[in-house]
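# Chains, contacts and geometry: an overview
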Amino acid sequence: SPERLKDLLDEKAREIRRIDLDLRTNFAVVETLFENHRSSFPKVRFYEGENGLKTIYFDSLWAAEILTIAQGDGEPFDPDVAPGFVKEFIRELTEREISVREIIEETPLALEYAKRYKTETHEIAVMPKASRGTPGHSVKLIYADKIAYISFDHLTAVVIENAALAEGERATFKLLWGQFKKS
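Since we're looking at a predicted model, the values are computed, not measured.

What follows covers the overall build of the chain. Summing up its helical and strand segments, the chain has five helices and eight strands in all. Start at the N end of the chain and walk to the C end: the helices and strands fall as α-β-α-β-α-β-α-β-β-β-β-α-β. About 11,500 Å² of surface is accessible on the chain, with carbon and sulfur atoms providing 56% of the total.

Here it is, written out as structure tokens:
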């Protein structure tokens, strides 16, 4: 009968509203749990080009301490061809008296760089030249809660922001620091 059909339709509509309310309530709970958990995920950012690298370097100027491992030779160590922001960055480091410790690979340009930029607040240790198949220049910056992996050859970088990972990299750096001669 049409009345029975209308009653069934009303009953199904109530059931759909109840299910909709349950789903919305449960979704809100799941969303809250995810957001709370997501805050513990490392933040990963990618950068390209000279401006991207400049962004990373100048972001590190807000840290109390910067730890660096530089491998390879090339532009960043050569003041005549280094990207313009490198000189500006080093000037800011010096003016702000930020504590910097760098481990650099023993190459002619790197050793000149060490002589030129070593100060009381900018310490530099030299590690033996690594035997690698391809020349290039890569840098790892550890500062605040961040680790930046930078390729000057490709003008690309990845920054991972996570306190625990940065602290682990900082501990590894400190172990390495004691192994190499200071310039």
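Read on, since the account is not over.
If you look at the biggest cluster of nonpolar residues, it comprises 29 residues, and the most contacted ones within it are Leu141 and Ile150. When residues of this core are assigned to their parent elements, the largest contribution, five residues, is made by helix H3 (residues 84–96). Ignoring anything within four residues of it in the chain, the contact list for Leu141 reads Ile56, Tyr57, Ile66, Leu67, Thr68, Lys146, Ile147, Ala148 and Ile150. Grouped together as the second largest cluster of nonpolar side chains are nine residues, Leu67, Ile103, Ile142 and Phe173 included.

Residues at a pLDDT of 70 or more form 87% of the chain, whose mean pLDDT is 84. No element of the chain has a lower mean pLDDT than strand S8 (residues 181–182), which averages 74, and none a higher one than strand S7 (residues 156–161), which averages 96.

Spatial strand order, S1-S7-S6-S5-S2-S3-S4-S8: eight strands in an open sheet with mixed pairing. In this open sheet, the two edge strands, each paired with only one partner strand, are strand S1 (43–48) and S8. Relative to S8, strand S4 (residues 122–127) runs antiparallel, the two being bridged by two bridges. The residue of S8 that forms the bridge with Val126 is Lys181.

A side chain of one charge can pair with a side chain of the opposite charge if their charged atoms are brought near each other. Throughout the structure, instances matching the rule amount to eleven salt bridges. In this structure, the salt-bridge partner of Lys146 is Asp59, at a minimum N-O distance of 2.7 Å. With Lys146 in strand S6 (residues 146–151) and Asp59 in helix H2 (residues 49–60), this residue pair connects regions lying 87 residues apart in the sequence. Lys146 sits in the buried class, given a relative accessible area of 16%. Given the relative accessible area of 25%, Asp59 is considered partly exposed. Taking the shortest distance from any N to any O, the salt bridge between Arg96 and Glu92 comes out at 3.0 Å. In this pair, Arg96 and Glu92 both sit in helix H3, four residues apart, roughly one turn of the helix. Among the residues examined, Glu92 registers a relative accessible area of 18% and is labelled buried.

Cut-offs applied
- Residues numbered from 1 in each chain as written.
- Predicted model: local features only at pLDDT ≥ 70, side-chain atom pairs only at ≥ 80, totals over all residues.
- Heavy atoms only, no water.
- Helix = DSSP H or I, 4+ residues; strand = E, 2+ residues; numbered from the N terminus.
- Areas by Shrake-Rupley, 256 points an atom, 1.4 Å probe, with all protein chains shown as cover.
- Core = buried A, V, L, I, M, F, W, Y, C linked by side-chain atoms within 4.5 Å.
- Buried < 20%, exposed > 50% of the residue type's maximum accessible area, 1.4 Å probe, protein only.
- Contact = heavy atoms within 4.5 Å.
- pLDDT = per-residue confidence, 0-100.
- Pairing = 2+ DSSP bridges.
- Salt bridge = Lys/Arg side-chain N within 4 Å of Asp/Glu carboxyl O.

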